[in-house]
Amino acid sequence: MRLIGLVWLVLFVSSALPAEAVSLAIQPARLTVSAPWGGEGESELLVANTSAEAAMYTLRADVDLSRLSVAPGSFRLDPGDTQRVTLRYRPGGWGSRRAEIAVVARPFAAGGVPLASGVRYQVQLVATVPWLGAAVRGGWLAGVVTFAMWQWRRQLRLNPVA
């Protein structure tokens, strides 16, 4: 019985459909997209086909597409080719947050089972407020001047000039 099971297993495994998958590389390892509040910022990443066959690549962001756009969203790469992808960010508020870009590669397989491979690429989205630094410095300066005037007036009341 064991022999029959072993023979069946060998025949099943040897007759299984071949599977094909492609590989990819993304540069830089980390990406930050900065934009002024109410404006737009952009950065680029490079996607490379590191396998020995052509493939179709698709990129999709996990955040609101009106805030982060990926162009081009899909493209074909031959073996060894690269594609520059532009990320444009239009913040709706200020501060920073993380987003993920799903990068999926699908081979153009003639036979067998084509397997998609992919990664989730993390992007740091930063919204800056250009006038915030000036407002903080101005508020601090106003506080210092107010305190100095208060001290000066207090000193005049305690020691009147004759």
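Coordinates for the structure precede this section.
Definitions and cut-offs
- Residues numbered from 1 in each chain as written.
- Predicted model: local features only at pLDDT ≥ 70, side-chain atom pairs only at ≥ 80, totals over all residues.
- Heavy atoms only, no water.
- Pairing = 2+ DSSP bridges.
- Helix = DSSP H or I, 4+ residues; strand = E, 2+ residues; numbered from the N terminus.
- Axes fitted to C-alpha atoms, helices over the stretch in contact; angles between N-to-C directions.
- Patch = residues over 30% accessible without salt bridge, like charges linked within 9 Å, V, L, I, M, F, W, Y side chains within 5 Å.
- Areas by Shrake-Rupley, 256 points an atom, 1.4 Å probe, with all protein chains shown as cover.
- Salt bridge = Lys/Arg side-chain N within 4 Å of Asp/Glu carboxyl O.
- Buried < 20%, exposed > 50% of the residue type's maximum accessible area, 1.4 Å probe, protein only.
- Core = buried A, V, L, I, M, F, W, Y, C linked by side-chain atoms within 4.5 Å.
- Contact = heavy atoms within 4.5 Å.
- Phe/Tyr/Trp six-rings, centres within 6.5 Å; stacked < 30°, edge-to-face > 60°.

Colleague: Lay out the sheet that holds strand β11 (residues 117-128) in plain terms, naming residues and giving numbers.
Modeller: Read across the open sheet, the five strands follow the order β3-β11-β9-β5-β7; overall the sheet is mixed. Of all strands in the sheet, those bounded by a partner on one side alone are β3 (31-36) and β7 (74-77). Between one strand axis and the next, the sheet turns by 25 degrees as a mean value, whatever way the strands run. As defined by bridge partners, strand β9 (residues 95-107) adjoins β11 across 11 bridges and the pair is classed as antiparallel. Each residue of the ladder has a partner; that of Ala102, found in β11, is Arg120.

Colleague: With reference to specific residues and values, describe a nonpolar patch on the surface.
Modeller: Taken together, the side chains of Trp140, Leu141, Val144, Val145, Met149, Trp152 and Leu156 present a nonpolar region at the surface, about 740 Å² in accessible area. Here Val144 lies in helix α2 (residues 130-158). Exposure remark for Val144: the relative accessible area of 38% places this residue in the partly exposed category.

Colleague: An account of the nonpolar core is requested, with residue identities and associated values reported.
Modeller: Grouped together as the largest cluster of nonpolar side chains are 28 residues, with contacts concentrated most on Leu45, Val47, Tyr57, Leu59, Leu68, Leu87 and Ile101. The residues contacting Val47, other than those within four sequence positions of it, are Ala25, Tyr57, Leu59, Phe75, Leu77, Asp81, Thr82, Gln83 and Val85.

Colleague: Go over the sheet that holds strand β8 (residues 82-89), please, and point to the residues and values.
Modeller: Strands sit in the order β2-β4-β8-β6 across an open sheet of four strands; the sheet is antiparallel. This sheet does not close on itself; its edge strands, each paired only once, are β2 (24-27) and β6 (68-71). Direction aside, the axes of adjacent strands within the sheet are offset by 25 degrees on average.

Colleague: Pulling in residues and values, what's your account of the packing of aromatic side chains?
Modeller: On inspection of all chains with the given rule, the structure shows two aromatic pairs. Note on Tyr57 and Phe75: the rings are 5.9 Å apart at their centroids and 10 degrees apart in plane angle, and the pair reads as stacked. Pair noted here: Tyr57 is in strand β5 (residues 55-61) and Phe75 is in strand β7, with a separation of 18 residues, a long-range link. The class of Phe75 is buried, set by a relative accessible area of 6%. Between Phe147 and Trp150, the ring centres sit 5.9 Å apart and the planes meet at 35 degrees, which makes this aromatic pair tilted. With a gap of three residues between them, Phe147 and Trp150 both fall in helix α2, about one helical turn apart. We classify Trp150 as partly exposed; its relative accessible area is 47%.

Colleague: Tell me about the pattern of salt bridges, and name the residues and values.
Modeller: In total, this model carries six salt bridges according to the counting rule given. The partner of Asp78 in a salt bridge is Arg76, with the nearest N and O atoms 3.2 Å apart. Under the relative-accessibility criterion, Arg76 is labelled partly exposed at 49%. Salt bridges linked by common partners bring Glu40, Glu42, Arg88 and Arg90 together as one network.

Colleague: Could you give an account of the environment of Asp64, with specific residues and numbers?
Modeller: With respect to the helices, strands and loops of the structure, Asp64 is situated in the loop between β5 and β6. For Asp64, a relative accessible area of 46% gives the class partly exposed. Remark: the alpha-carbon pair of Asp64 and Ala99, spanning 35 residues in sequence, is separated by 9.8 Å.

Colleague: For the pairing of β8, give the residues involved together with the corresponding values.
Modeller: The pairing of strand β4 (residues 41-49) with β8 spans eight bridges and is antiparallel. Looking at β8, one finds that Glu44 is bridged to Thr86. Note that β6 and β8 share four bridges and pair antiparallel. When the sheet's bridge partners are listed, Ala71 is paired in β8 with Thr86.

By themselves these figures say nothing about function.
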